[in-house]
Amino acid sequence: MKRILMLAAAAIALCGQSLSAQQVTVNEKALLNKIERSDADIVNPKKSGKASTWLHRGETFYEAATAVSKNLYDGIDAMTVVALFGEPTDAEIVELNGRMYSKGIFPYVDIYLDELAIPVSWVITKEVYPGALSKAIEAYEKAYELEGSNPKIADKVSAGLKTVYDEYSKTGALYFPLGMYEEAGNMFVNAYKVAQLPGASISDADLYSLLHDAGLAFMLAQKYPQSIEYLTAAEKISAANADISDPEIYYLIYHAYRGNAMADPNAIQTAKTYLEKGMAAYPTDPKIIESLSEAYVFLGEDPAKILSIVQTAAENDPTNADMWSALGVLYVSNNEYDKAIGAFSRMAELVPDSYVANNNLGIVYIKQAEAILEDVNSRAATFATQEEYDAELNKAFQVYAKAVPYLEKAYASDPNNVGTVELLKNVTFRIRDLGGMMAKYEKYNALFKSMTGGAQ
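Conventions used here
- Residues numbered from 1 in each chain as written.
- Predicted model: local features only at pLDDT ≥ 70, side-chain atom pairs only at ≥ 80, totals over all residues.
- Heavy atoms only, no water.
- Core = buried A, V, L, I, M, F, W, Y, C linked by side-chain atoms within 4.5 Å.
- Buried < 20%, exposed > 50% of the residue type's maximum accessible area, 1.4 Å probe, protein only.
- Helix = DSSP H or I, 4+ residues; strand = E, 2+ residues; numbered from the N terminus.
- Contact = heavy atoms within 4.5 Å.
- Phe/Tyr/Trp six-rings, centres within 6.5 Å; stacked < 30°, edge-to-face > 60°.
- Lys NZ or Arg CZ within 6 Å of the ring centre and 35° of its normal.
- Salt bridge = Lys/Arg side-chain N within 4 Å of Asp/Glu carboxyl O.

Caption draft 1: Spatial organisation of the nonpolar core. Ranked by internal contacts, the top residues of the largest apolar core, which has 135 residues, are F85 and I111. Broken down by element, this core gets its largest block of residues, 10 residues, from helix 17 (residues 386-413). Filtering out sequence-adjacent residues up to four positions away, F85 remains in contact with Q23, V24, V68, N71, L72, F106, V109 and I111.

Caption draft 2: The arrangement of the environment of E147 in detail. Along the chain, E147 falls in helix 5 (residues 132-147). It is 95 Å that separates the C-alpha atoms of E147 and F383, two residues lying 236 residues apart in sequence.

Caption draft 3: View of the packing of aromatic side chains. Enumeration over the complete set of coordinates arrives at 13 aromatic pairs. Measuring from ring centre to ring centre gives 5.8 Å for F85 and F106, while their planes differ by 55°; the resulting arrangement is tilted. A residue pair is termed long-range when its members are at least 10 positions apart, and F85 in helix 4 (residues 78-85) and F106 in the loop between strand 2 (99-105) and strand 3 (109-113) qualify at 21 residues. Exposure class is identical for F85 and F106. Each is buried. Look at F176 and Y181: their rings are 5.5 Å apart centre to centre, the planes differ by 70°, and that puts the pair in the edge-to-face class. Owing to a relative accessible area of 19%, F176 belongs among the buried residues under this scheme. These aromatic residues form a ring-pair network of at least three members: F176, Y181 and F188. K287 extends its terminal NZ or CZ atom over the ring of Y251, reaching a point 4.9 Å from the ring centre.

Caption draft 4: Structural context of the pattern of salt bridges. Within this structure, the stated rule accounts for 20 salt bridges. Residue K170 pairs with E167 through a salt bridge whose shortest N-O separation is 3.7 Å. Placement of both K170 and E167 in helix 6 (residues 151-175) is noted, with a separation of 3 residues, approximately one turn of the helix. The exposure class assigned to K170 is partly exposed, which follows from its relative accessible area of 30%. The buried category is assigned to E167, whose relative accessible area is 8%. A salt bridge links R346 to E349; the shortest N-O distance between them is 3.9 Å. Of this pair, R346 and E349 both sit in helix 15 (residues 337-350), 3 residues apart, which is roughly one turn of the helix.

Below is the structure:
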């Protein structure tokens, strides 16, 4: 029996008479009758000009929109779900966002339970009145238009719009665990639109969080222009409000622009401007420093501008693996391979199974070997004998060999990364005459072919 069905049976058996929650009944007919009466009121000349008529209409549509969701809340347990909604009409095991969930299918809602049988999200599948929240917004807008100058009416409109704002925000948050990032972003945008309406009163702190989450959702959905729009709007709020302190916004803006770099050739340059603004406000934040280091390298700018900052940050926070990574990247860009190896080695000590640390160590050893090889070849005419020349070449081959174990560790961390497999194939072929390397070449060459459909 599927997990959620077992859960439902277990919940009933365990709780028995102790369950006191009243089972949810959605009286569609009564709700639709209320809406019908409201429809009549707004065309009645005696009522249509009164704010109270429209306030009541807003409440009516909000009630219809939240007939099911009002019974669900963060932290609800499975036994309460069963007590409120009864057994599901069907159930299935689904994989969403890389995780397995038990989905209970109820008449109006699908409820998702994690591997510990804890409800983590739900999605309304049937609305009493489609678009009811939009209708509620229209009603509150009209009430404010008619009598917004009346403080009592203005307060009621504000409260009504806040309930709609909260419902959109809550729905957006519920989509996150399921990997429904674009849907989440759209819900947050709906909430933001409510906040912009005359009569709405949403704090800057709430708006900042909303815009931050919208931008993050769109970034995860790879909708980078939308992500940039809402993250930069959030940054404007935080920059103008001393009470809102969040260096992460600059890191997120950078990654949104970086994601959009294929479509916008100026994306990294623009992102760097934001990072420099973030650095001015948060001079020791490791994510900003790391991102700014990467931006400098990407743009081909002099890393010395930031190198001393990163060096100091790494010394002050020696257990921060990301800072050592940033330092390693800067050293590579400056062709200081020994220092880069030292930095990435420190990162590997902190996170031994890190793909980034091990892959970068492999790449730096390859770059170091290539530099030696280039130097040897540039001096080829100066060697007295072939043996002397071969001895110098062997120095480069020994450095190439140092790359192999790190690339193999990187491959173990991410066995689906074809780029790492290709590096292993190429390096082991180059040093195939060294002990054991021919066998490794044959292994990674065959693996590369299987991953690329036989491509060379």
